[in-house]
Amino acid sequence: MVLVEMPDGAKKWKCKWCEKLYTYDARWKSTSNGKKHLEACVQRKLRLKCNTDKDVVQSRLNICGSSDDSTPSIATWTYNHARVREVVAHMILGHEFPFSVMDGFIFNEFIREIYPWYKKITRQQVKFDCETFYEADKAKMKKSMSLINRISLTTDLWWSGEHKIGYMTVIGHFIDSKWQLHKRVLSFKNVPPPYSGEVLCRELINVMADWGIRDKVVSISVDNASANDNCIIRLKRDYSGRRNLPLNGKLFHVRCCAHILNLLVQDGLDMIKETVDKIRNGVKYFGTSYPTANLFLAELYRVKVLLDKPASISNNPQLQALANEMKVKYDKYWSESNTLISIGVVLDPRYKMIFIKWVYPFLFPNPTQATEYEQELATNLNSLFKLYHDTYGITDDISLVSGTLEVGYSSGLGRRSF
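How each quantity is defined
- Every chain is numbered independently, its residues counted from 1 as its sequence is written.
- Residues qualify for local features only when their pLDDT is at least 70, as the model is predicted, and side-chain atom pairs are given and counted only at 80 or more; totals for whole chains, interfaces and linings, by contrast, use all residues.
- To obtain the side-chain values, all non-hydrogen atoms of the structure were included, while hydrogens and water were left out.
- Pairing between strands is defined by DSSP: at least two bridges between them are needed.
- What counts as a helix is a DSSP run of H or I of at least four residues, what counts as a strand is a run of E of at least two, and both are numbered from the N terminus.
- Fitted lines through C-alpha atoms serve as axes, helices being fitted only where they are in contact, and the angles separating the N-to-C directions of these axes extend from 0 to 180 degrees.
- Ring pairs shown here join Phe, Tyr and Trp side chains whose ring centres sit within 6.5 Å, with only the six-membered ring taken for Trp; geometry is labelled stacked below 30 degrees between planes, edge-to-face above 60, and tilted in between.
- Buried means the residue's accessible area, taken with a 1.4 Å probe over protein chains only, is under 20% of the maximum for its type, while exposed means over 50%, and partly exposed covers the values in between.
- For this analysis, a nonpolar core means a set of buried residues of the types Ala, Val, Leu, Ile, Met, Phe, Trp, Tyr and Cys, connected via side-chain atoms within 4.5 Å.
- With respect to orientation, any angle under 35 degrees is reported as roughly parallel, any angle over 145 as roughly antiparallel, any angle of 65 to 115 as roughly perpendicular, and every other angle as oblique.
- A contact between two residues is defined here by any heavy atoms of the two lying within 4.5 Å.
- When a carboxyl oxygen of Asp or Glu lies within 4 Å of a side-chain nitrogen of Lys or Arg, that pair is called a salt bridge.
- Our working definition of a disulfide is a cysteine sulfur pair at a distance within 2.5 Å.

A.B. asks: So, the sheet that holds strand β7 (residues 165-175): which residues are in play, and what are the values?
C.D. replies: Read across the open sheet, the 5 strands follow the order β8-β7-β6-β9-β10; overall the sheet is mixed. At either end of the open sheet lies a strand with only one pairing partner, and these are β8 (181-190) and β10 (253-255). Strand-to-strand, the axes of this sheet are offset by a mean angle of 25°, without reference to chain direction. Inspection of the sheet shows β7 paired to β8 by 9 bridges, in the antiparallel sense. Of the residues in β8, the one forming a bridge with M168 is K189.

A.B. asks: Tell me what's going on with the packing of aromatic side chains, and back it up with residues and numbers.
C.D. replies: For the coordinates displayed, the defined rule picks out 8 aromatic pairs. The interplanar angle of 40° and the centroid separation of 6.1 Å between the aromatic rings of W158 and F188 together place this pair among those described as tilted. Here W158, found in strand β6 (residues 151-160), pairs with F188, found in strand β8; they are 30 residues apart in sequence, far enough to count as distant. By relative accessible area, which is 45% here, W158 ends up partly exposed. Of the residues examined, F188 reaches a relative accessible area of 47% and is grouped as partly exposed. Between F385 and Y388, the aromatic rings sit 6.1 Å apart at their centres with planes inclined by 50°, giving tilted as the arrangement. One end of the pair, F385, and the other, Y388, are both in helix α14 (residues 367-392), 3 residues apart, so they sit about a helical turn from each other. Among the aromatic residues, ring-to-ring pairing joins Y351, F355, W358 and F362 into one connected group.

A.B. asks: Got a sec to walk through the nonpolar core? Specific residues and values, please.
C.D. replies: Within the largest apolar cluster, 29 residues are counted, with the highest numbers of intra-cluster contacts made by M145, I151, L153, I220 and L235. For this core, the elements supplying multiple residues, two or more each, are α5 (123-145), β6, β7, α6 (197-211), β9 (217-222) and α7 (226-242). Here the element with the most residues in this core is α6; it accounts for 7 residues. Membership of the second largest hydrophobic core comes to 25 residues, among which are L251, A298, L307 and Y360.

A.B. asks: Account for the packing of helix α3 (residues 81-95) against α5, with residues named and values stated.
C.D. replies: For the pair α3 and α5, interaxial distance at closest approach is 9 Å and the crossing angle is 80°. In this view, α3 runs roughly perpendicular relative to α5, as classed from their interaxial angle. Two secondary-structure elements touch here, α3 through R85, E86, V88, A89, H90, I92 and L93 and α5 through Q125, V126, F128, D129, C130 and F133.

A.B. asks: Describe the pattern of salt bridges, listing the residues and the values that go with them.
C.D. replies: In this structure the tally under the stated criterion is 11 salt bridges. We note a salt bridge from R83 to E86, for which the minimum N-O separation is 3.2 Å. A residue pair is termed a helical-turn pair when its members lie 3 or 4 positions apart in one helix, as R83 and E86 do in helix α3 at 3 residues. Linking R85 and D129 is a salt bridge whose minimum nitrogen-to-oxygen distance equals 2.8 Å. Residue R85 is found in helix α3, and its partner D129 is found in helix α5; the two are separated by 44 residues along the sequence. Residue classification places D129 among the buried residues on the basis of a relative accessible area of 0%. A single network of salt bridges, built from pairs that share partners, joins D103, K120 and R123.

A.B. asks: Any details on the state of the cysteines? Residues and values, ideally.
C.D. replies: Per the counting criterion, the structure on display carries 0 disulfides. For C231, which is in no disulfide, the shortest distance to another cysteine sulfur is to C201 and amounts to 5.0 Å. Residue C231 is classed as buried on the basis of its relative accessible area, which comes to 3%.

A.B. asks: Lay out the environment of L384 in plain terms, naming residues and giving numbers.
C.D. replies: With respect to the helices and strands, L384 occurs in helix α14. Under the relative-accessibility criterion, L384 is labelled partly exposed at 22%. L384 sits 137 residues away from L247 along the chain, and the two C-alpha atoms are 7.2 Å apart. Those residues in contact with L384 that sit more than four places away from it in its chain are P246, L247, L251 and I343.

Spatial relationships are all this shows, so hold off on functional conclusions.
Take a look at the structure:
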């Protein structure tokens, strides 16, 4: 670290490796911030690792295009091996290349054709660089996540190739202070068998503890598997006893709607497997897309209408049995996930509570049940907004009127219904 004077006369510490600036206090002449930075400075680690002092190359002229690409300019340029290693590490990570690509003959021949003084980077070096950048970026992410209040997780198991090695992925979804939605992979690691609820629960707890988000989790989305159900039951028991969950944990367990619909279709198609196989042989491409949370309810309504059409399938026992199998899966999903999906609909200004009042009687033929679910949804919305109000200290007047959430703004803009 070197002490530099800024244009306004103030003095600051400057890192000679990456040129970042840090506060200088003349009273204490403290260098604690500088020492902490040097311990984490990626440029310093890379340059010390590759010992660039022994590989100093004379500055060369570099012809650069101007901003309007009309008149070129000439500037001096020096080969920076540490910078090259940094770019190569990002290339490996960004394109998911194997480390062995650095030992490839053609790759090294290509680089030397571009720059004859290129110093070969081995697979061991690029592995070290990738791990260094990973730890640096993880530290930055931990710092940013320490500022958020709530986060939702999704997790799934993935098996690689013929060896069937199990990997567990945990992804975090959160909104930052600028109201930007973020999606970050928090963990991707090998999980040895057995893949029981207890094992999955332990791994999730370790991930949450590592990232410091155990008290911030609102919901966890998982596939419809018994091990996942057991895992969530264990987690919910732990949270219910020691942590405050919104709506008493009604949003904690979220079943993946796409996976449920896939199981629903697969169960039905198993009954007509031979016919499907014949059709599949003639199909070369199939594309699909899944709607976001605020559109799920409309799609589920359409599925419900199709499954409840007795006139079109009553004369065909096979189709009737197929529809019954699908309805079992459908009812299981809807009975446990309607709260979260319905909240997404109400928060969509195109639908609000009006759509809920219209669609619930179709989804729940019993009028009493439909009314109870509608009132429960209104209560849950009110509770969530009150939680937001209490957390951020908003001075708006909040009340629940006739099952509709109304917010009165203190600025005099009147009341707005949701």
